[in-house]
Amino acid sequence: MAEITASMVKELREKTDAPMMECKKALAEAAGDMAKAEEILRVKLGNKASKAAARITAEGVVGIHIAADGKLGAILEVNCETDFVAKNEEFLALVKNSVKLAANAAPADVAALSALPLGDGTVESTRAALVGKIGENMSLRRFARIEARGKLHSYIHGGAKIGVLLDLMGGDDRLGKDIAMHIAASRPKSLDASGVDAALVDSERRIAIEKAKEAGKPDAMLEKIAEGSVQKFLKEVTLLGQVFVKAEDGKQTIAQLLQRENASVAAFTLYVVGEGIEKKTSDFAAEVAAQAAAARKE
């Protein structure tokens, strides 16, 4: 009997999008023949999942689960191909159940989360079955789990396209909601300057220097100008430095708001669906023509 290696299982899973154990069984049945194993899976599961596996999943939703005491929670992004599927009840059930598992079971990563028991199988087998049923690719992209130092608050916006999980120490539920809403609206990159990627800061500094040179500023002033630009940038991208979106005077920062309320932010996570994923664009007429041509060849 041919040895079935982990790399073989991985390769077949990437080709077919079938559950890992099903890939292993198919390879064993096919005595290690990859092509035959793929045929076995397509007979068992159909070819929808195989076709869907290569398609981009840039739509989807953000799911959030918070324990009743507000001390434990998780936020999860699950992607799909179209906004239509993002509203599907079974898809939303997968998101709801998966984010609850992420909070309660404390998996190390998405792979560990996918392996957790769910229903009659696992999160992964449930996802794969749903892909086969709907005919559209979907994937668990990322999650964050927070054990709160204070109390967790959340905010979901735009049909669950933006989600915020906030750990607030002190303050009340009103303040928690306001700050979570602010994060969704202003999208800070970090809590304070220490969390901003050094590469971004260096880039801002270089740009400021080049702009100052083009403006004819003397060399002796370049560093001072650059530092001013960097500090302005940091205020714009850090939560504590940002002006509160509901500030009546248009000047009060989040740091000042927290100080007034005798509160502090321990941590926050912001997810925007599809952020960083290159969305595929296509000519609809050309796509229809291509599909028609393919159908004539069958």
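About the criteria used
Residues numbered from 1 in each chain as written. Predicted model: local features only at pLDDT ≥ 70, side-chain atom pairs only at ≥ 80, totals over all residues. Heavy atoms only, no water. Axes fitted to C-alpha atoms, helices over the stretch in contact; angles between N-to-C directions. Helix = DSSP H or I, 4+ residues; strand = E, 2+ residues; numbered from the N terminus. Parallel < 35°, antiparallel > 145°, perpendicular 65-115°, else oblique. Contact = heavy atoms within 4.5 Å. Pairing = 2+ DSSP bridges. Core = buried A, V, L, I, M, F, W, Y, C linked by side-chain atoms within 4.5 Å. Buried < 20%, exposed > 50% of the residue type's maximum accessible area, 1.4 Å probe, protein only. Left-handed = near helix turned anticlockwise from the far one by under 90°.

Novice: Would you mind showing me how to read the packing of helix α6 (residues 89-105) against helix α8 (residues 123-134) here?
Specialist: Two measures define how a pair of helices packs: the angle their axes make with one another and the distance between the axes. For the pair α6 and α8, interaxial distance at closest approach is 11 Å and the crossing angle is 170°. By the angle class used here, α6 and α8 are roughly antiparallel. Seen from α6, the contacting residues are Glu-90, Phe-91, Leu-94, Ser-98 and Leu-101; seen from α8, they are Val-123, Thr-126, Arg-127, Leu-130 and Lys-133.

Novice: Can you walk me through the sheet that holds strand β6 (residues 151-157) in this structure?
Specialist: Two pairing modes exist for strands in a sheet, parallel and antiparallel, and in both the strands are linked by backbone hydrogen bonds. With respect to topology, three strands assemble into an open sheet ordered β6-β7-β8, the strand pairing being antiparallel. Either end of the sheet is taken by a strand with one partner, and the two such strands are β6 and β8 (264-272). Neighbouring strand axes in the sheet, compared pairwise and without regard to direction, differ in orientation by 15° on average. Strand direction decides the pairing type here: strand β7 (residues 162-169) and β8, joined by eight bridges, are antiparallel. Of the residues in β8, the one forming a bridge with Val-164 is Leu-270. Seen against the sheet, helix α9 (residues 173-186) touches β6, β7 and β8 and runs at an angle of roughly 140° to β7.

Novice: I keep staring at the nonpolar core and nothing clicks. Help me out?
Specialist: Soluble globular proteins tend to pack their nonpolar side chains together in the buried interior. If you look at the biggest cluster of nonpolar residues, it comprises 23 residues, and the most contacted ones within it are Leu-76, Phe-91, Leu-113 and Met-138. Contributing elements (two or more residues each) for this core: β2 (72-80), α5 (83-86), α6, α8 and β5 (138-147). The greatest single-element share of this core, amounting to six residues, is contributed by α6. Apart from residues no more than four positions distant in its own chain, Leu-113 is found in contact with Leu-76, Ser-98, Leu-101, Ala-102, Pro-107, Val-123, Leu-140 and Phe-143. Leu-168, Leu-258, Val-265 and Leu-270 belong to the second-largest nonpolar core, a separate cluster that totals 21 residues.

Novice: Just to check I follow, could you spell out the packing of helix α1 (residues 6-16) against helix α2 (residues 20-29) for this structure?
Specialist: The geometry of α1 relative to α2 is characterised by a closest axis approach of 9 Å and an angle of 115° between their N-to-C directions. The angle between α1 and α2 places the two elements in the roughly perpendicular class. Crossing geometry of α1 relative to α2 is assigned as right-handed. Contacts between α1 and α2 involve Met-8, Val-9, Leu-12, Arg-13 and Thr-16 from the first element and Met-20, Cys-23, Lys-24, Ala-26 and Leu-27 from the second.

Novice: So what exactly am I meant to see when it comes to the environment of Ser-186 here?
Specialist: On the secondary structure map, Ser-186 appears in helix α9. Among the residues examined, Ser-186 registers a relative accessible area of 27% and is labelled partly exposed. The spacing of Ser-186 and Leu-239 is 53 residues in sequence and 8.4 Å in space, taken between C-alpha atoms. Residues within four places of Ser-186 in sequence aside, it is in contact with Gln-242 and Val-245.

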